[in-house]
Amino acid sequence: MKWILTIAVIAGLSGAAGAADLSELQRLRASEIAGLNAAVPAAEGAASGWDLDAMRFNHNESLRCLRSKDPFEIPAYLFATPPAAGKPETITVFGGTATGFPADEGKCVNTDKFRSAVRLSEKQRAAYRLPGSPDTLVYANVRHLDRFYVAAIPVSAISELYYQVVYYPVPLVGVRGGHAQVRALFSRPVRLTPQFPASPSEVFEISSLIFSGQAVGTSAGGYFDPLRTIDGSMLLGLGVYTDQAKLFDQYVEMKGQETRQYRLRLSAEQKRRYARAYLEDADSRRLSTYFILTNNNCNTNQFRILDGILKASYTPAQAEALAQLNSFDPNSAVSALEARGLTSEADRVLNFEKEEASVAFLQKYGK
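Residues numbered from 1 in each chain as written. Predicted model: local features only at pLDDT ≥ 70, side-chain atom pairs only at ≥ 80, totals over all residues. Heavy atoms only, no water.

1. Describing the overall build of the protein
Across its full length, the protein carries 9 helices and 9 strands. Counting only residues that meet the buried cut, the protein has 48% of its 367 residues in that class. The contacts of the protein with a sequence gap of at least 6 include a subset with a gap of at least 24, amounting to 72%. A total of about 16800 Å² of accessible surface is found on the protein, and carbon and sulfur atoms cover 56% of it. (Helix = DSSP H or I, 4+ residues; strand = E, 2+ residues; numbered from the N terminus. Buried < 20%, exposed > 50% of the residue type's maximum accessible area, 1.4 Å probe, protein only. Contact = heavy atoms within 4.5 Å. Areas by Shrake-Rupley, 256 points an atom, 1.4 Å probe, with all protein chains shown as cover.)

2. Quick look at the state of the cysteines
Scanning the model with the defined rule gives 1 disulfide in all. Between Cys65 and Cys108 runs a disulfide, and the two sulfur atoms are separated by 2.1 Å. Residues Cys65 and Cys108 are joined through a disulfide that is left-handed, its torsion about the S-S bond being -75 degrees. Within this pair, whereas Cys65 is found in the loop between helix H2 (15-36) and strand E1 (118-119), its partner Cys108 is found in the loop between H2 and E1, the two being separated by 43 residues in sequence. For Cys65, a relative accessible area of 3% translates into the label buried. Since its relative accessible area comes to 27%, Cys108 is described here as partly exposed. (Disulfide = S-S within 2.5 Å.)

3. Concerning the nonpolar core
Counting 48 residues, the largest nonpolar core has Tyr163 and Tyr274 as its most contacted members. The greatest single-element share of this core, amounting to 6 residues, is contributed by strand E5 (residues 174-194). The residues contacting Tyr274, other than those within four sequence positions of it, are Leu161, Val182, Phe211, Gln302, Ile305, Leu306 and Ile309. Core analysis: the next-biggest nonpolar cluster, separate from the first, contains 24 residues, Leu78, Phe79, Leu120 and Tyr241 among them. (Core = buried A, V, L, I, M, F, W, Y, C linked by side-chain atoms within 4.5 Å.)

4. Structural notes on helix H6 (residues 298-310)
In a regular helix each residue adds 1.5 Å, so 13 residues correspond to 18 Å; H6 covers 19 Å between its end C-alpha atoms and thus fits that length. Counting buried residues in H6 gives 11 out of 13 residues, a clear majority hidden from the surface. Regarding H6, the residues found buried are Cys298, Asn299, Thr300, Asn301, Gln302, Phe303, Ile305, Leu306, Asp307, Ile309 and Leu310. Against the buried residues of H6 lie strand E4 (158-170), E5, strand E6 (204-216), strand E7 (235-241), helix H5 (268-285) and helix H8 (333-339). By the N-cap criterion, in which a side-chain oxygen at the helix start approaches the backbone nitrogen of a residue two or three places on, H6 is capped by Asn297, the distance to Asn299 being 2.9 Å. (Expected span 1.5 Å × (residues − 1). Polar contact = N/O pair within 3.5 Å; in protein donor to acceptor, adjacent residues only side chain to side chain.)

5. Digging into the pattern of salt bridges
One pass over the full model with this rule turns up 21 salt bridges. Of the charged contacts in the structure, one is a salt bridge between Lys113 and Asp249, with a shortest N-O distance of 2.7 Å. In this pair, Lys113 sits in the loop between H2 and E1 while Asp249 sits in helix H4 (residues 243-253), placing the two residues 136 residues apart along the sequence. One exposure class covers both Lys113 and Asp249, and it is buried. Through salt bridges with shared partners, a single ionic network connects Lys113, Arg143, Asp249 and Glu253. (Salt bridge = Lys/Arg side-chain N within 4 Å of Asp/Glu carboxyl O.)

6. What about the environment of Arg125?
In this fold, Arg125 is placed in helix H3 (residues 122-127). Sequence-wise, Arg125 and Val138 are 13 residues apart; in three dimensions their C-alpha atoms are separated by 7.2 Å.

7. Quick look at the confidence of the model for the protein
For the protein, the average pLDDT comes to 83, and 79% of its residues sit at 70 or higher. Below a pLDDT of 50 lies the segment residues 1-50, which in the model reaches 60 contacts outside its immediate sequence neighbourhood of four places, other chains included. Note on residues 92-97: pLDDT is under 50 here. Beyond four places in sequence and across chains, it has 11 contacts. (pLDDT = per-residue confidence, 0-100.)

8. Focus: the packing of H4 against helix H9 (residues 356-363)
Contact pair H4 / H9: the axes reach a minimum separation of 10 Å and the direction vectors enclose 60 degrees. Relative to H9, H4 is oriented oblique. Handedness of the crossing formed by H4 with H9: right-handed. On H9, the residues that touch Gln244, Leu247, Phe248, Tyr251 and Val252 of H4 are Ser358, Phe361 and Leu362. The residue inventory of the contact of H4 with H9, partitioned by class, reads 6 nonpolar, 2 polar and no charged. (Axes fitted to C-alpha atoms, helices over the stretch in contact; angles between N-to-C directions. Parallel < 35°, antiparallel > 145°, perpendicular 65-115°, else oblique. Left-handed = near helix turned anticlockwise from the far one by under 90°. Nonpolar A, V, L, I, M, F, W, Y, C, P; charged D, E, K, R; others polar.)

Next up, the structure:
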């Protein structure tokens, strides 16, 4: 089945880039069996070589976009979707599915900073000496500062989930919510191993992770042209980050004003289900969908995952009422959470940037 699926996906590639990829992938396929048994040099990524369980290609992934030898890099380019019937070259701005005609069509995205989390195969987990278990999930592309790590995430040890809303200054508007993400605190440590090059001596442990959907475009930084968030020039990456990585992005690279945190009223099982659903979705989608500011962004994806967990408890009337709420604007996130009974102002805790560890970290950068 895996062979058939791989062939089907490759056969679906089209255009000059697709033809080039097909030829290269055929060459790699011819040597992959030998690669499975090849020794892995200590200086290379621990998951080097071809692993059949890890071979998956989404429709816009392309070898021509490879930027490094990191085995978990996602080489992807910006693609165009067919025009809507009777509406060529138009974009649905509010609601619905956007039709993308990217200004950056065909260009490779830069994944130096933002990536989707990627699940490790059994062979890859063994190479990193991280066997994993039903309660501990092993994922790559977890970013700490300027480096990516393989993380052993004990989802059964999530003690709290906080919904974070990051506030930024907006010209002519003032300070408002501009980004949303979910922070998980763990009662057992998350173990991080440098993914490429592998460096066992630099393994460390943390007690917090942030699940954040990011816009991935042709530049690596956090700044981008807002128009490119509605024309298909940005892809959605459901990533995982350490506290320090997010503090740096929000307050050193960008001009964040504050990050409010709200405890989510979820059971222990619902917290586990959230983490599993987010990570599975990140691995499945990778960079295959547009980031669209008004209907597929950081906030809408958090609510999509939360509603997937809670929808069985919604009455038809409640589900219909919730569907009418603003789910794309982070500035309205708390109201949408309150309507679901997930939080309230009484559940707000100390701002993220005001926590003792955050203050000490930001002081290093003069913040």
